[in-house]
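# Topology and contacts: notes
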Amino acid sequence: MIQKNIRKLVEYGLITGLIEREDKIYTTNRLLELFGLDELEESGETVSMSVEELEGVLKEMLDYACEQGLVEDSIVYRDLFDTKIMGLLTPRPSEVIRTFQEKYARDSKEATDYFYKLSRDTDYIRRYRIEKDQKWTAATKYGDLDITINLSKPEKDPKAIAAAKNAKQSGYPKCLLCRENEGYAGRVNHPARQNHRIIPVTINGSEWGFQYSPYVYYNEHCIVFNSQHIPMKIEHDTFCKLFDFVKQFPHYFVGSNADLPIVGGSILSHDHFQGGCYEFAMAKAPVERIFTVQNFTDVEAGVVKWPMSVIRISHENSDRLVALADLILEKWRSYSDEAVFLFAETDGEPHNTITPIARKRDNKFELDLVLRNNITTKEHPLGVYHPHAKLHHIKKENIGLIEVMGLAVLPARLKEEMERLAEAILTGADIRADEMLAKHADWVEAFLPNYETVNRDNIIDILHKEIGSVFTEVLEDAGVYKRDEKGQAAFDRFLMSL
């Protein structure tokens, strides 16, 4: 089978355009070398291959590699090896960059379409894993929120966890976003990236890299990162860079995580943005009231109808938005309002920051500024403006850029938990007596009386709807100014201070 699968994989390279006809023999020989084979046996059989077969072909190749002792039979080691396989089909960075730039000269969307397809065809984005993610929308008073249970990140097995613990600690690459990841072989505690390519872009006069996320939480989920390993920082240049990117790729939105722990993203050590070709619920949400700022009466400004505290500003000239954003950020950094437990700093530790998102809508530039605060208390040790403890059975993790915009990225554990919970509800089992499900008991007891009929036909829809309601509460908890009269009056006090 390995002989046939080598032929099939070479055919895959041809049909996807990863390799040309002139590369066929060369690629075949590289694969033979990888598997320790001296020759390609003669076969009169015609080999066909489709994109959908890639997962199966790679699985059989990995099985063979494990049998031959080329790799350990563990998900981590198998991922390292199949990335090495696909790296042999992936064009060199210079080829990818040249093709991207040629297409960009004609149309920016043509260029990103090419690069996104390449990132999927090289298996850097593992389509067959992404398809396993559970996704649905939940109708709420703030619009249709996106919910996903993330199943595309493989769980490490005990053997790999032990190996990672004992592995030599390396500072190369410094993090998962650094340019040095391109082509890197990986190790047990760092993913392989032989099939990973980066497009260099100049943003606001500095060198950055453009790539796609291997986990694509939404359409064309891209990452734009500083070529230097420097920390996240929300400042004047951040707004300039966001708009510079949007001008170069007007069909994409782009945003930045906040620059403080708890309210920031998972990688605060490397300055980066996230963007893509997708309209989130927050972008669709209307402005519910407008306001004006002295010296900026030409800028459209308003408060967005959203569970978090969002200011939306719009203008044909992005420089005007940058200037107003600077004013708002500067004011917010030092703004406190004890009446609503809002403190800019405690014991010298700053708490206020902003999550900014830029886009172009029609002929105007638009900037959403989400006000954030990361203060903690004994009652809320993970954050006052963070999902509160009663919601941790569904979502405990930080609320970063993606969640802020209305997409819940939920942990993989919920797949099995919801399946078991559905069965427990239908059979009348004691949920509190089940160690896995006990944390959901209060939640179930609260929502179940709202439904006259609960059966196998509607139980999953009910759970999906209720998870959507929990995510709404998660966002409301993360909102600095609450959606009640007191909270909105306090929001208006801040706006009047500008």
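Residue indices follow the written sequence of each chain, beginning from 1 at its first position. Totals for whole chains, interfaces and linings use all residues, but because this is a predicted model, local features are given only for residues with pLDDT of at least 70 and pairs of side-chain atoms are given and counted only at 80 or more. In computing side-chain properties, one takes all heavy atoms of the structure into account and sets aside hydrogens as well as water.

A few words now on the environment of Ala446. Helix and strand assignments come from DSSP, with helices taken as H or I runs of at least 4 residues and strands as E runs of at least 2, each series counted from the N terminus. Position of Ala446 relative to the elements: it lies in helix 14 (residues 441–447). Taking C-alpha positions, Ala446 is 26 Å from Val480, a pair spaced 34 residues apart along the chain.

Taking 1.5 Å as the rise per residue, helix 11 (residues 318–333) with 16 residues should run 22 Å; its terminal C-alpha atoms sit 22 Å apart, in good agreement. Note on classification: 1.4 Å probe, protein chains only; a residue is buried when its accessible area is under 20% of the maximum for its type, exposed when over 50%, partly exposed between these limits. Along helix 11, the residues classified as buried are Ser318, Leu321, Val322, Leu324, Ala325, Ile328, Leu329 and Trp332. We call two residues contacting when some pair of their heavy atoms lies within 4.5 Å. Those residues of helix 11 that are buried are in contact with helix 9 (236–248), strand 10 (310–315), strand 13 (352–361), strand 14 (364–373) and helix 16 (485–496). We call two N or O atoms a polar contact when they sit within 3.5 Å, provided that within protein one can donate a hydrogen and the other can accept it, with sequence-adjacent residues counted only if both atoms are side-chain atoms. The N-cap residue of helix 11 is Asn317: its side-chain oxygen and the backbone nitrogen of Asp319 are 2.9 Å apart. Helices are assigned an expected span. That span is 1.5 Å times one less than the residue count.

With that settled, consider the packing of helix 3 (residues 54–67) against helix 4 (residues 75–87). Two elements in contact, helix 3 and helix 4, have axes whose closest approach is 10 Å; the angle formed by their N-to-C orientations is 115°. By the angle between their directions, the pair helix 3 and helix 4 is classed as roughly perpendicular. Between helix 3 and helix 4 the crossing geometry is right-handed. Contacts from Leu54, Leu58, Lys59, Met61, Leu62, Asp63, Ala65 and Cys66 in helix 3 reach Arg78, Phe81, Asp82, Ile85 and Met86 in helix 4. Note on geometry: axes are lines fitted to C-alpha atoms, helical ones only across the stretch in contact, with angles between N-to-C directions running from 0 to 180 degrees. Any angle from 65 to 115 degrees is called roughly perpendicular, while one under 35 is roughly parallel, one over 145 is roughly antiparallel, and all others are oblique. Should the near helix be turned anticlockwise from the far one by less than a right angle, the crossing is termed left-handed; should it be turned clockwise, right-handed.

Quick look at the sheet that holds strand 15 (residues 407–410) now. Pairing is mixed in the open sheet, where 3 strands are placed in the order 1-2-15. The sheet terminates laterally at strand 1 (134–140) and strand 15, the two strands that pair on one side only. Strand-to-strand, the axes of this sheet are offset by a mean angle of 20°, without reference to chain direction. Here the rule is simple: two strands pair whenever DSSP picks up at least two bridges between them. Pairing analysis gives 7 bridges linking strand 1 to strand 2 (residues 143–149), with the strands arranged antiparallel. Paired with Ala139 across the bridge in strand 2 is Asp144. Helix-sheet contacts for helix 15 (residues 459–478) involve strand 1, strand 2 and strand 15, and the interaxial angle to strand 2 is about 105°.

Let's shift gears to the packing of aromatic side chains. Aromatic pairs are defined between Phe, Tyr and Trp rings, using the six-membered ring for Trp, whenever the two ring centres lie within 6.5 Å; interplanar angles under 30 degrees are classed as stacked, those over 60 as edge-to-face, and all others as tilted. A full pass over the atoms with the stated rule returns 32 aromatic pairs. Relative to Tyr252, the ring of Phe210 lies with its centre 6.5 Å away and its plane at 45°, an arrangement referred to as tilted. Highlighted residues: Phe210 in strand 4 (residues 206–212) and Tyr252 in the loop between helix 9 and strand 6 (253–255), separated in sequence by 42 residues. As far as the burial class goes, Phe210 and Tyr252 line up, both buried. Relative to Phe365, the ring of Phe243 lies with its centre 5.7 Å away and its plane at 80°, an arrangement referred to as edge-to-face. Residue Phe243 is located in helix 9, and its partner Phe365 is located in strand 14; the two are separated by 122 residues in the primary sequence.

On to the sheet that holds strand 9 (residues 300–304). The pairing of strands in a sheet comes from backbone hydrogen bonds and takes either a parallel or an antiparallel form. Across the sheet, which stays open at both edges, the 10 strands sit in the order 3-4-5-7-6-13-14-10-9-8 with antiparallel pairing between neighbours. Of all the strands in the sheet, the pair left with one neighbour each is strand 3 (199–203) and strand 8 (287–290). For this sheet, the mean angle separating the axes of adjacent strands, direction not counted, is 25°. Two strands pair when backbone bridges link them, and strand 6 and strand 13 are joined in this way by 2 bridges, in the antiparallel orientation. Across the sheet, Val254 pairs through a bridge with Ala358, a residue of strand 13. Running over the sheet, helix 9 touches strand 3, strand 4, strand 5 (222–226), strand 6, strand 7 (272–276), strand 13 and strand 14 and is turned about 20° from strand 13.

So, on to the pattern of salt bridges. For this document, the term salt bridge refers to a Lys or Arg side-chain nitrogen within 4 Å of an Asp or Glu carboxyl oxygen. The full count for this structure, using the stated rule, is 43 salt bridges. Here Arg179 and Glu207 are joined by a salt bridge, their closest N and O atoms 3.7 Å apart. Taken together, the residues span a long stretch of sequence, with Arg179 in the loop between helix 8 (158–166) and strand 3 and Glu207 in strand 4 at a distance of 28 residues. Lys395 is the partner of Glu397 in a salt bridge, and the nearest nitrogen-oxygen pair spans 3.7 Å. By relative accessible area, Glu397 is classed as partly exposed at 35%.

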